[in-house]
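# A closer look at the structure
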Amino acid sequence: MKLETKPKLEVNLAGIKMKNPVTVASGTFGLQHGQFFDLSVLGAIVPKGITLEPKEGNPTPRIIETASGMLNAIGLQNPGLEGFIDTLPAYEKLNTPIIVNISAGSAEDYAKLAEKLTKTGKIHGIEINVSCPNVKKGGFQFGSDPKETENIVKTVRKATNLPIITKLTPNVTDITEIAKAAESAGSDAISLINTLLGTSINTKTKKFNLANVTGGLSGPAVKPIALRMVWQCYNAVKIPILGMGGVANVTDVIEFMLAGATAVAVGTYNFVNPKVCEEIILGLSDYLIENKIDDINNLIGKVEKV
Ligand SMILES: Cc1cc2nc3c(=O)[nH]c(=O)nc-3n(C[C@H](O)[C@H](O)[C@H](O)COP(=O)(O)O)c2cc1C
């Protein structure tokens, strides 16, 4: 087959129409990246997670590099719902879907956030973070319990008609149980993975490197785990998947899509190369042309056993 036309890059993530499958992982990317490339090329944008009230986050040090990755214990520092809403006009100008990542300590607070964000009429989807490893209340305690996950998703479902994406933690024995709970409670999609709980020690001071002692591991080091979990979830639920974890280049995006992801988010690698998303988006078309694929959707879940 010869490709006569430009390959199709558009994907539909549970009703969110993306011009290409590439978006960013919450907490790793902001409007300031606009100094490096035109952010409207993104398939969607996902700002840093927000809570009802402003949060200062955890004490420093709260970031440390690791082999092929990093540990973070930011603890959801954010300006709160109202502070975020003030920044919405700047996001709107980008002319790409806005998916807002929300965190809370109770199902009711998740629902309040969803309701108020929906009322702005300016956002396109809600990503429920039930997987943060760096907060005392809520976080991955919720996302590692199928019943809690179900309760939160059900409560948020009643508060919004926007697409809901439930963000899963890898810090569980069987991620498919949580994926199924999210699906049965009315989640329109799932995103995975959030970070893996880890730590790091300074051998000179004999102290932990992070003030919080533990942090979340991310970056290329976690990619094989993320891919395995995306593939497991693809085989366990029918709702679409936003895959992430260590994505750094075009090959990584293709791997995630073959494993079952409809869209893919770039996280930690934005710190290494702030232009990586643009480079990946440009490179995707080249990959499709070289491999004579006319529609990127044809890759989703198409991995085969050797
Ligand atoms: C500094 C930092 C802050 C993060 N903040 C959030 C957040 O606010 N909400 C969330 O759901 N995930 C957050 N994450 C997790 C990422 O969105 C992503 O799920 C994870 O880092 C795996 O992708 P990566 O390996 O490409 O970074 C954060 C990660 C990092 C490194």
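Quick look at the structure, then.

What counts, and at which threshold
Every chain is numbered on its own, with residues counted from 1 as its sequence reads. Only residues with pLDDT of at least 70 are given local features in this predicted model, and only at 80 or more are side-chain atom pairs given and counted; all residues enter the totals for whole chains, interfaces and linings. Note: side-chain values were computed over all heavy atoms of the structure, leaving out hydrogens and water. Classification of ring pairs rests on two measures: the distance between centres of Phe, Tyr or Trp rings, Trp counted by its six-membered ring, which must be within 6.5 Å, and the angle between planes, read as stacked under 30 degrees, edge-to-face over 60 and tilted in between. Each residue gets one of three labels from its accessible area relative to the maximum for its type: buried under 20%, exposed over 50%, partly exposed in between, using a 1.4 Å probe on protein chains only. A residue counts toward a patch only above 30% relative accessible area and without a salt bridge, and it is joined to like-charged neighbours within 9 Å or, for Val, Leu, Ile, Met, Phe, Trp and Tyr, to nonpolar neighbours within 5 Å. Here the accessible surface of atoms and residues is derived via Shrake-Rupley with a 1.4 Å probe, and residues count as covered only by protein chains that are part of the display. Take a side-chain nitrogen of Lys or Arg and a carboxyl oxygen of Asp or Glu: if they are within 4 Å of each other, that pair is a salt bridge. Runs of E in the DSSP output that reach at least two residues are strands. Runs of H or I that reach at least four are helices, and both are numbered from the N terminus. A strand pair is defined by DSSP finding two or more bridges across the two strands. Think of each axis as a best-fit line through the C-alpha atoms, taken over the contacting stretch in the case of a helix, with angles from 0 to 180 degrees between the N-to-C directions. Contacts are residue-level and defined by heavy atoms, with any inter-residue pair within 4.5 Å sufficient. Multiply 1.5 Å by the residue count of a helix minus one, and that product is the helix's expected span. The directions considered for the arc run from the helix axis to the C-beta atoms. Grid points spaced at 1 Å over the protein atoms alone were grouped into cavities, where a 1.4 Å probe fits but cannot get out, and pockets, open sets with protein on both sides within 12 Å along at least five of seven lines, with lining residues defined by an atom within 4 Å of a point. Grid points are joined across faces, edges and corners, and a volume is the space filled by probe spheres set on the points. Gly is put with the polar residues, along with every residue not named as nonpolar or charged; the nonpolar set is Ala, Val, Leu, Ile, Met, Phe, Trp, Tyr, Cys and Pro, and the charged set is Asp, Glu, Lys and Arg. By convention, a crossover is right-handed whenever its connection, traced from the first strand over the helix to the second and viewed with the strands pointing away, goes clockwise.

## Side note on the packing of aromatic side chains
- All told, the structure shown has 3 aromatic pairs when counted by the stated rule.
- Between the aromatic rings of F29 and F37, the centroid separation amounts to 6.1 Å while the plane-to-plane angle is 55 degrees, which identifies the pairing as tilted.
- F29 gets classed as buried once you look at its relative accessible area, which sits at 7%.

## Examining a nonpolar patch on the surface
- A cluster of nonpolar side chains, contributed by I201, F208 and V213, occupies part of the molecular surface with about 260 Å² of accessible area.
- Along the chain, F208 falls in strand 12 (residues 207–208).
- For F208, a relative accessible area of 42% translates into the label partly exposed.

## With respect to the sheet that holds strand 7 (residues 125–129)
- Spatially, the 7 strands line up as an open sheet ordered 3-15-14-9-8-7-6, and their pairing is parallel. Among the strands making up the open sheet, the edge pair consists of strand 3 (22–24) and strand 6 (99–102). The average undirected angle you get between the axes of adjacent strands in this sheet is 25 degrees.
- Strand direction decides the pairing type here: strand 14 (residues 241–244) and strand 15 (residues 263–266), joined by 3 bridges, are parallel. Paired with G243 across the two strands is V264, which belongs to strand 15.
- Contacting strand 6 and strand 7, helix 2 (residues 107–120) crosses the sheet at an angle of about 160 degrees to strand 6.

## Brief notes about helix 2
- Taking 1.5 Å per residue, 14 residues should reach 20 Å; helix 2 reaches 20 Å between its end C-alpha atoms and fits that length.
- Considered for burial, the residues of helix 2 that qualify are A107, Y110, A111, L113, A114 and L117. Buried residues of helix 2, seen end-on, are gathered within an arc of 160 degrees and therefore sit on one face of the element. Turned more than 90 degrees away from the buried face of helix 2 sit E108 and K119, all of them exposed.
- Where helix 2 is buried, its residues meet helix 1 (80–92), strand 6, strand 7, helix 3 (140–143) and helix 4 (146–159).
- G121 lies just past helix 2 and shows a positive phi near 70 degrees.

## Describing the layout of surface pockets
- The space that makes up the largest pocket amounts to roughly 520 Å³.
- Looking at the largest pocket, it is lined by 34 residues, and the ones nearest its centre are S26, T28, N72, N194 and T195.
- Only strand 5 (69–72), strand 13 (214–218) and strand 15 provide two or more residues apiece to the lining of the largest pocket.
- Among the residues making up the lining of the largest pocket, the classes are represented as 15 nonpolar, 17 polar and 2 charged.

## Let's talk about the pairing of strand 14
- With burial as the criterion, each face of strand 14 is covered, one bearing I241 and G243 and the other bearing L242 and M244.
- Of the strand pairs in this sheet, strand 9 (residues 189–192) and strand 14 are connected by 3 bridges, and their pairing is parallel. Residue pairing in the sheet places I190 in a bridge with I241 of strand 14.
- Following the chain from strand 14 across helix 7 (residues 250–259) to the adjacent parallel strand 15, one finds a crossover that is right-handed.

## Here we look at the environment of T262
- Tracing the chain through its elements places T262 in the loop between helix 7 and strand 15.
- Spatially, the C-alpha atoms of T262 and I126 are 17 Å apart, while their sequence positions differ by 136 residues.
- Not counting chain neighbours up to four residues away, the residues in contact with T262 comprise V11, N12, L13, P21, P240, I241, M257 and I300.

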